[in-house]
Amino acid sequence: MNMTQLPIIKDVYGFLGPDLMACVTGLLLILMFVPLNSAFLVWVERKVAGHIQLRPGPMEVGPHGILQSLIDAVKLMCKEMITPDLADKYLFWIAPCTVVIPAIVCFVVIPFSPIMQVRELNVGILLIFAFSSISGLSILMGGWASNNKYSLIGAVRAVAQSIAYEIPLLLSTMSVIIMSNSLKMSEIVAAQSPVWNFVWQPVAAIIFIICTTAETNRAPFDLVEAESELVSGFHTEYTGMRDALFFMAEYTAMFIGSSMAVVLFFGGWYGPFFSGIFWFVLKAYLLVFVTVWIRWTFPRLRFDQLMNFAWKVLIPISLLNLLVTAIVIKVL
Amino acid sequence: MTTTISNLIPPIMIAQAAFALMIVFTLGGAFLAVIPKNIVHNILGLCLAMFGITGVYLYLGSQFVAMMQLLIYVGAICMTFIFAILLSPPLEKEPPKRNKTKVITAAIVSGVVFLVMVNMVMSLKFEPLTDITRDWSIKTLGQLLMTRYFLVFEVISLLLAIAIIGSIMIASFVRKRN
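For clarity, every value in this text was computed on a predicted model and none was experimentally measured. Each residue is numbered by its place in its chain's sequence as written, counting from 1. Chains and ligands are labelled sequentially in the order written, the chains with letters from A and the ligands with numbers from 1. Thresholds applied to this predicted model are a pLDDT of at least 70 for local features of residues and 80 or more for the giving and counting of side-chain atom pairs; totals over whole chains, interfaces and linings are not thresholded and use all residues. Excluded from the side-chain calculation are hydrogens and water; included are all heavy atoms of the structure.

1. A closer look at the overall build of chain B
By definition, any uninterrupted DSSP run of H or I lasting at least four residues is a helix, any uninterrupted run of E lasting at least two residues is a strand, and each is numbered from the N terminus. Along its length, chain B carries 7 helices and 0 strands. Reading chain B from its N terminus to its C terminus gives the helix and strand order α-α-α-α-α-α-α. Under the scheme applied here, a residue whose accessible area is under 20% of the maximum for its type counts as buried, over 50% as exposed, and between as partly exposed, the area being computed with a 1.4 Å probe on protein chains only. Taken over 178 residues, chain B has a buried fraction of 17%. Contacts between residues were defined by any pair of non-hydrogen atoms, one from each residue, lying within 4.5 Å. For chain B, restricting intrachain contacts to residue pairs at least 6 apart in sequence, the fraction spanning at least 24 positions comes to 51%. For chain B, the computed accessible surface area is about 14,000 Å², with 75% contributed by carbon and sulfur atoms. Surface accessibility in these figures is a Shrake-Rupley result with a 1.4 Å probe; residues are shielded only by whichever protein chains are displayed.

2. Some details on the overall build of chain A
Looking only at helices and strands, chain A features 14 helices and 0 strands. Reading the secondary structure of chain A in the N-to-C direction produces α-α-α-α-α-α-α-α-α-α-α-α-α-α. Throughout, the radius of gyration refers to the C-alpha atoms, and the reference size of a globule is 2.2 Å times the residue count to the power 0.38. The C-alpha radius of gyration of chain A comes to 20 Å, within 12% of the 20 Å expected for a compact globule of 332 residues. For chain A, the spread of C-alpha atoms along the three principal axes comes to 60 × 55 × 45 Å. Across the 332 residues in chain A, those meeting the buried criterion constitute 52%. Taken as a whole, chain A presents about 15,500 Å² of accessible surface, with 72% of it coming from carbon and sulfur.

3. Focus: the pattern of salt bridges
All names here are of chain A. The term salt bridge refers to a side-chain nitrogen of Lys or Arg lying within 4 Å of a carboxyl oxygen of Asp or Glu. Scanning the model with the defined rule gives 6 salt bridges over all chains in all. In this structure, the salt-bridge partner of R302 is D304, at a minimum N-O distance of 3.0 Å. According to the relative accessible area criterion, D304 is partly exposed, its value standing at 40%. Here the salt bridges share partners, and the residues they tie into one network are E45, R218, E250 and R295.

4. What about unusual backbone geometry?
Residues and elements named next belong to chain A. The backbone of L54 sits at a positive phi, close to 60°, despite the residue not being glycine. By the element assignment, L54 lies in the loop between α2 (17-52) and α3 (68-78). Given the relative accessible area of 80%, L54 is considered exposed. Unusually for a residue other than glycine, N147 sits at a positive phi of about 55°.

5. Things to note about the side chain of A:S162
Checked against the element boundaries, A:S162 lands in helix α7 (residues 149-180). Overall, A:S162 belongs to the buried group, its relative accessible area being 13%. Residue contacts for A:S162: discarding those within four places in its chain leaves A:E215 and B:M79.

6. Overview of the environment of B:F31
In this structure, B:F31 sits in helix α2 (residues 11-34). A sequence separation of 20 residues divides B:F31 from B:F51, and the C-alpha atoms of the two residues are 14 Å apart.

7. Quick look at the interface of chain A and chain B
Between chain A and chain B, the contact holds 31 residues from the first and 25 residues from the second. For the pair chain A and chain B, the summed buried area comes to about 2,500 Å², and 82% of that belongs to carbon and sulfur atoms. Interface area lost by chain A to chain B is led by A:L126, A:L137 and A:W144, which between them contribute 22%. N or O atoms within 3.5 Å of each other form a polar contact, as long as, within protein, one can give a hydrogen and the other can take it, and as long as residues adjacent in sequence are counted only when both atoms are side-chain atoms. There are 1 residue pair in polar contact (both at pLDDT 80 or more) connecting chain A and chain B. Of all the secondary structure elements, the ones that give two or more residues to the side of chain A that touches chain B are α2, α6 (124-145) and α7 of chain A. When residues in the side of chain A that touches chain B are grouped by element, the largest group, 12 residues, is from α6(A). Values labelled buried area give the accessible surface lost by two parts on being combined, using a 1.4 Å probe and summing over both.

8. Focus: a nonpolar patch on the surface
Residues and elements named next belong to chain A. A surface patch of nonpolar side chains, amounting to about 720 Å² of accessible area, comprises M179, V195, W196, F198, V199, W200, I206 and I329. Among the elements that make up the nonpolar patch, the one with the highest residue count is helix α9 (residues 197-200) (3 residues). With respect to the secondary-structure elements, M179 resides in helix α7. Overall, the relative accessible area of 31% leaves M179 in the partly exposed class. For patch detection, residues must exceed 30% relative accessible area and be free of salt bridges, and they are connected within 9 Å for like charges or within 5 Å for nonpolar side chains (Val, Leu, Ile, Met, Phe, Trp, Tyr).

9. A look at the packing of helix α12 (residues 240-265) of chain A against helix α13 (residues 276-295) of chain A
Residues and elements named next belong to chain A. The axes used here are C-alpha line fits, helices contributing only the stretch in contact, and every angle between their N-to-C directions lies in the interval 0 to 180 degrees. Taken N-terminus to C-terminus, the directions of α12 and α13 make an angle of 120°; their axes are 8 Å apart at the nearest point. By the angle between their axes, α12 is oblique relative to α13. In terms of crossing hand, the pair formed by α12 and α13 is right-handed. Here M254, F255, S258, S259, A261, V262 and V263 of α12 lie close against α13, whose contacting residues are F280, K283, A284, Y285, L287, V288, T291 and V292. Here the residues of the contact of α12 with α13 are counted per class, giving 11 nonpolar, 3 polar and 1 charged. In these notes the angle categories are as follows: under 35 degrees is roughly parallel, over 145 is roughly antiparallel, 65 to 115 is roughly perpendicular, and the rest is oblique. Handedness of a crossing follows from how the near helix is turned relative to the far one, being left-handed for an anticlockwise turn of less than a right angle and right-handed for a clockwise one. We call Asp, Glu, Lys and Arg charged. Ala, Val, Leu, Ile, Met, Phe, Trp, Tyr, Cys and Pro are nonpolar, and the rest, Gly among them, are polar.

10. Some remarks on the confidence of the model for chain A
The predictor attaches a confidence to each residue, and that confidence, scored 0 to 100, is pLDDT. Overall, the prediction assigns chain A a mean pLDDT of 83, with 94% of residues at 70 or greater. Across chain A, the secondary-structure element scoring lowest on mean pLDDT is helix α1 (residues 7-13) of chain A, at 65, and the one scoring highest is helix α10 (residues 202-215) of chain A, at 89.

See the structure below:
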């Protein structure tokens, strides 16, 4: 059972056959959702930032400025795309294209509700981790191709950070996986029907959220684009729509990270009264709100603090957590 | 039964087209990894080749190995290569000339390895699998690693331990010299 059973979709896309129909409708939905979601999150970020700093944020375009990011998107599309003279032309062009690949591919396996999943894979979780690692590569490509010291420093910081924080991220995910004994996203959610994994694995959940914040280069881990030191890091030289693609990738990565946390720790689509998709999206956006809240509350870390925190605090704790989980599961 | 697009274009053709695309990625990436003089382009070509191999694994129906290939080779190994290269001398400086003897030796070695591997693949008789519905869950894989492939597993961990000790040694020596 999936969403291709709906009669409207069957009428329009029926000629494609069941498998291709699921593929095409799913991809169309994803391609619609990714830009709209980023536009919405940009608005949320500006609004939350405004209210935290005791000012209203965007107010002019639409009620409470809700259409502001659409206007911004039109502006960005009209802008000239400048390529610096000494930049590596091909890589400078490819980097923003590849940075959105993980943003689109990862949505394929996320189970929004029991029927709203484009494709069920046996290795769903691995697919998300594997494709997320591509975005680091495109950040490096963009930073190096710009031929600018600030961009390069930003890119190098991004890689060092993502390598360091990927280890506790995977370790904390491992402790959930050995609990539910599956790499399928929907089975992990289904294993949480009476009690959320957050109750059994609070340490892993907190480590996971810290690490996704670091992986998406959000404050307090945003040394990658520290404005006061690096102008704006790896995308200093990018203009117009290319810059917008980097932003789109960042906001989509935030949403994907939050949905991963919802799937792994916060019971996925389970919730009373309303349908599954409502609860899933609500939980994911609540977690995104927490990330935005953290950004406007905490100051930026220093680079050595960042690395020490990953290697000396997070990795030992997550290893210990994994060990304890394994022993408890074996004994019980 | 209504007419669907799969009646007009057989699915096997699409699968073969996807396979051909992946082969193009792999070979194109491999050439990019060797021919250009810019070392960052070389590494990115290597990434493309690894990505193509991921596609080949997917075509062969092994999702787990495909994802591991992407996660380890593209996400970790290529990334650390680039990281190491970014810390090397800048590219504006005159790049060292290609050493002809080195190029010829490398060509001979890789040609011999290629021929031996082609010979090995050709001499193998491929038979259709009789038993395809085996249990390949993580539990089975883990048990196989701990029983049948225990020696391989231990040797690989020894290798990793040596690599870690080596890097610590290099780091501490450099620090002492400074």
